[in-house]
Amino acid sequence: MNVAVLGLGYVGCVSAACLADLGHRVTGADRDEHKIRSVLDGRAPFYEPGLEDVVRRNVASGRLTATTSTAEALRDCDVALVCVGTPSEKNGNLGLDQLRRAVSDIAAVAPQLTRPLVVAIRSTVFPGTCEEVVLPALRDASNITVVSNPEFLREGIAVKDFVEPSLVVVGGQDRAAVEKVAGLYTPLGIKPCLVSLRTAEMIKYACNAFHAVKISFANEIGALAARLDVNAAEVMSTLCEDVKLNVSKAYLKPGFAFGGSCLPKDLRALVYRAQRLDIDLPLLESALPSNQAHLRRAIDAILDVPPCRIGIIGLAFKENTDDLRESPVVTLLEHLIGKGRDIRVFDPHIRLDEIYGTNRSFVVNMIPHIGKLLQNSIDGVLGWAEYLVIAQLQTPETMERIRASGLPVMDLVTASPAAAASLV
Ligand SMILES: NC(=O)c1ccc[n+]([C@@H]2O[C@H](COP(=O)([O-])OP(=O)(O)OC[C@H]3O[C@@H](n4cnc5c(N)ncnc54)[C@H](O)[C@@H]3O)[C@@H](O)[C@H]2O)c1
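Calculation criteria
Within each chain, residue numbers correspond to sequence positions counted from 1 in written order. With the structure being a predicted model, the display of local features is reserved for residues of pLDDT at least 70 and the display and counting of side-chain atom pairs for 80 or more, all residues being used for whole-chain, interface and lining totals. Side-chain measures here rest on the full set of heavy atoms in the structure, leaving out hydrogens and waters. A cutoff of 4 Å decides nearness: a residue is near a molecule or strand if any of its heavy atoms lies inside that distance of it. A 3.5 Å cut-off defines polar contacts: any pair of N or O atoms within that distance qualifies, except that in protein one atom must be a possible hydrogen donor and the other a possible acceptor, and neighbouring residues in sequence count only when both atoms are side-chain atoms. What counts as a helix is a DSSP run of H or I of at least four residues, what counts as a strand is a run of E of at least two, and both are numbered from the N terminus. Three labels apply to residues, based on accessible area from a 1.4 Å probe with only protein chains included: buried if under 20% of the type maximum, exposed if over 50%, partly exposed otherwise in between. Only strands joined by at least two bridges in the DSSP assignment are considered to pair. By convention a crossover is right-handed if, when the strands point away from the viewer, the path from the first strand over the helix to the second runs clockwise. In this analysis, a patch consists of residues with relative accessible area above 30% that form no salt bridge, clustered at 9 Å for like charges and at 5 Å for the nonpolar side chains Val, Leu, Ile, Met, Phe, Trp and Tyr. With residues, only the protein chains shown are counted as cover, and all accessible areas are computed by Shrake-Rupley using a 1.4 Å probe. One speaks of a salt bridge when a side-chain nitrogen belonging to Lys or Arg is within 4 Å of a carboxyl oxygen belonging to Asp or Glu. To pair, rings of Phe, Tyr and Trp, with the six-membered ring standing in for Trp, must have centres within 6.5 Å; the planes then decide the type, stacked if under 30 degrees apart, edge-to-face if over 60, and tilted in the middle. For helices, the fitted axis covers only the stretch in contact; all axes are lines through C-alpha atoms, and the angles between them, taken along N-to-C directions, range from 0 to 180 degrees. In what follows, a contact means two residues having at least one pair of non-hydrogen atoms within 4.5 Å. Nonpolar cores are built from buried Ala, Val, Leu, Ile, Met, Phe, Trp, Tyr and Cys residues. Side-chain atoms within 4.5 Å join them into one set.

Novice: Describe the site of the ligand, with residues and values.
Specialist: Within the structure, the ligand sits among 22 residues, and Val 11, Asp 30, Lys 35, Thr 86 and Glu 155 are positioned closest to it. The contact in question runs from an oxygen atom of the ligand to an N or O atom on the side chain of Lys 35, over 2.6 Å. Within the backbone of Thr 124, one N or O atom sits 2.9 Å away from an oxygen atom of the ligand. Secondary structure elements with two or more residues in the shell around the ligand: α1 (10–21) and α5 (97–109).

Novice: Summarise the pairing of strand β11 (residues 387–390); cite the residues concerned and give the values.
Specialist: Residues of β11 alternate between two faces, with Tyr 387 and Val 389 on one and Leu 388 and Ile 390 on the opposite face, all of them buried. In this sheet, β11 lies alongside strand β9 (residues 309–313) in parallel orientation, the contact comprising 4 bridges. Within β11, the position partnered with Gly 311 by the bridge is Leu 388. Bridge count for β11 against strand β12 (residues 409–411) is 3 bridges, and the pairing is parallel. Residue pairing in the sheet places Val 389 in a bridge with Met 410 of β12. The β-α-β motif built from β11, the intervening helix α18 (residues 396–405) and the parallel element β12 has right-handed crossover chirality.

Novice: Describe a nonpolar patch on the surface, naming the residues involved and giving the relevant values.
Specialist: On the surface, Leu 228, Val 230 and Val 235 cluster together to form a nonpolar patch covering roughly 210 Å² of accessible area. Within the fold, Val 230 resides in the loop between α9 (197–227) and α10 (232–241). On the accessibility criterion, Val 230 (37% relative accessible area) is partly exposed.

Novice: Outline the pattern of salt bridges, listing residues and values.
Specialist: A side chain of one charge can pair with a side chain of the opposite charge if their charged atoms are brought near each other. Throughout the structure, instances matching the rule amount to 18 salt bridges. The shortest N-O distance in the salt bridge between Asp 266 and Lys 265 comes to 3.0 Å. By relative accessible area, which is 40% here, Asp 266 ends up partly exposed. The class for Lys 265 is partly exposed, based on a relative accessible area of 44%. Its salt-bridge partner being Asp 300, residue Arg 296 comes within 2.8 Å of it at the nearest N-O pair. Linking Arg 296 with Asp 300, this pair stays in helix α13 (residues 287–303), spanning 4 residues, or about one helical turn. By relative accessible area, which is 33% here, Asp 300 ends up partly exposed. In the salt-bridge network here, residues are joined through shared partners; they are Glu 131, Glu 132 and Arg 198.

Novice: A description of the packing of aromatic side chains should follow, citing residues and the corresponding values.
Specialist: Within a pair of aromatic rings, the relevant descriptors are the distance that separates the centres and the angle that separates the planes. Evaluated as defined, the whole model comprises 3 aromatic pairs. When the ring of Tyr 10 is compared with that of Phe 46, the centres are 4.2 Å apart and the planes differ by 40°; the resulting orientation is tilted. Highlighted residues: Tyr 10 in helix α1 and Phe 46 in the loop between α2 (33–40) and α3 (51–61), separated in sequence by 36 residues. Judged by its relative accessible area of 35%, Tyr 10 falls in the partly exposed class.

Novice: Describe in detail the sheet that holds strand β10 (residues 342–346), supporting the description with residues and values.
Specialist: Spatially, 4 strands are ordered β10-β9-β11-β12 in an open sheet, and the strand pairing comes out parallel. Strands with a single pairing partner mark the edges of an open sheet, and in this sheet they are β10 and β12. Neighbour to neighbour, the strand axes of the sheet diverge by 20° on average, direction disregarded. Strands in contact with helix α14 (residues 328–338) are β9 and β10; relative to β9, the strand with the most contacts, it is inclined by about 170°.

Novice: An account of the pairing of strand β6 (residues 144–148) is requested, with residue identities and associated values reported.
Specialist: In terms of burial, β6 is largely enclosed, as 4 of its 5 residues are buried. As judged from the 5 bridges shared by strand β5 (residues 117–121) and β6, these two strands associate in the parallel manner. Residue pairing in the sheet places Val 118 in a bridge with Thr 145 of β6. As a crossover connection, the stretch from β5 through helix α6 (residues 129–137) into β6 is right-handed.

Novice: Describe the nonpolar core, and please don't skip the residues or the numbers.
Specialist: Counting residues in hydrophobic clusters, the biggest one holds 39 residues, and the most contacted among them are Leu 51, Leu 81, Val 181 and Tyr 185. Counting residues per element, this core draws most heavily on α1, which supplies 7 residues. In contact with Leu 81, not counting residues within four places along its chain, are Val 3, Ala 4, Val 5, Leu 6, Leu 19, Ala 120, Arg 122, Asn 149, Leu 184 and Tyr 185. One finds Val 305, Ile 350, Ile 355 and Leu 412 within the second-largest nonpolar core, a separate group that totals 34 residues.

Written out as structure tokens, the structure reads:
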């Protein structure tokens with residue numbers, strides 16, 4: 001393909017040189033003449049291991065060139081990758097001046113374009129930016145389609161990351177445009193993730209936040225371990241041996257708050273002991289407050305439902321157990337009862353006629369106000385309720401019966417409370 005790369009910084013120059021290396025004809029554009037001269041001389045405009053070789057090779061072969069003119073870069077171009085900077089403003093917000101300027105440069109050239117152009121926003125931009133900033137600026141250019149194609153490379157290893165990407169994401173409404181941009185990376189042999197425009201924008205933030213949380217987590221565990229004379233590297237490398245629960249997809253789906261007899265208790269003990277040792281662990285200290293905030297969102301979402309008879313499905317802290325210790329559903333119910341909501345509860349494993357021992361005495365003695373709301377069958381709830389809240393993963397059979405009831409449903413388990421509320 002004929003590709004224009006607007007902005008020849010770390011992302012743009014690596015993308016331009018490596019795309020040329022894959023066989024595309026690439027023209028890089030930048031307002032900075034020094035960068036253009038460097039590339040045309042076959043040099044990398046900054047230090048990035050391996051980049052200079054790729055630039056030199058592809059300028060020499062004629063597949064890579066550079067210009068200060070956006071119009072020239074866009075001539076006969078199929079795809080334009082926008083790689084301009086989006087630096088932080090003083091208040092932390094993203095600065096979009098470079099993006100606005102680059103897009104307005106494209107809009108100015110649009111009438112002279114000889115073929116349809118796909119504009120791919122590779123710069124990191126907050127979800128909604130393409131729709132709110134890019135598309136309006138290009139609204140008169142019917143020959144231009146916009147997609148999001150975030151970049152995940154790491155400085156210092158950027159060329160290797162481009163050739164062996166961890167993730168290729170392209171998002172947009174126009175399937176042909178999305179596939180065209182994904183096609184740029186076909187020679188890399190990685191299956192691209194084709195998603196919506198906003199997901200593509202958001203995924204970059206989710207990834208960087210995740211990486212930052214991982215690093216902070218390892219460092220906090222390391223700080224505590226060191227203070228306890230425990231080998232931190234051994235702890236973390238052993239943690240990583242668990243690829244079923246630790247380094248895996250487990251626990252990485254948005255859903256309901258956690259609870260139970262272990263996570264809250266052990267986090268509390270860890271944080272308490274760290275505080276006694278004067279070790280600051282802000283990330284670990286924030287896990288329980290974060291969980292509380294998440295529970296509060298669910299409570300608020302249910303309180304926003306106009307008063308009616310609400311059936312709650314699930315009472316234990318998760319499916320397939322009758323353990324009620326620190327179940328977030330108990331807290332949720334107590335708030336709803338406190339606000340005078342009309343509630344009935346069904347949990348397949350907590351039926352007063354069946355449970356015994358500590359669980360029965362917990363229900364009867366500690367939460368009798370909730371015990372009174374318990375139904376012995378799903379039919380009891382479905383026949384009574386005007387509205388359902390799913391607070392625990394249910395079997396496909398139960399979900400089918402819930403769907404068949406035709407009742408409005410807020411599913412806290414498979415969607416975040418805010419998203420769940422919008423399902424109503
Ligand atoms: N650096 C990274 O490791 C990295 C990784 C992934 C994503 N990103 C994101 O990619 C984007 C670019 O990052 P970077 O580090 O390459 O930025 P950078 O500041 O190094 O480069 C941006 C380039 O864009 C040029 N430019 C600005 N306006 C222009 C215009 N109108 N026309 C042509 N060129 C223009 C600038 O002169 C500069 O050379 C940012 O949104 C960043 O958050 C960066």
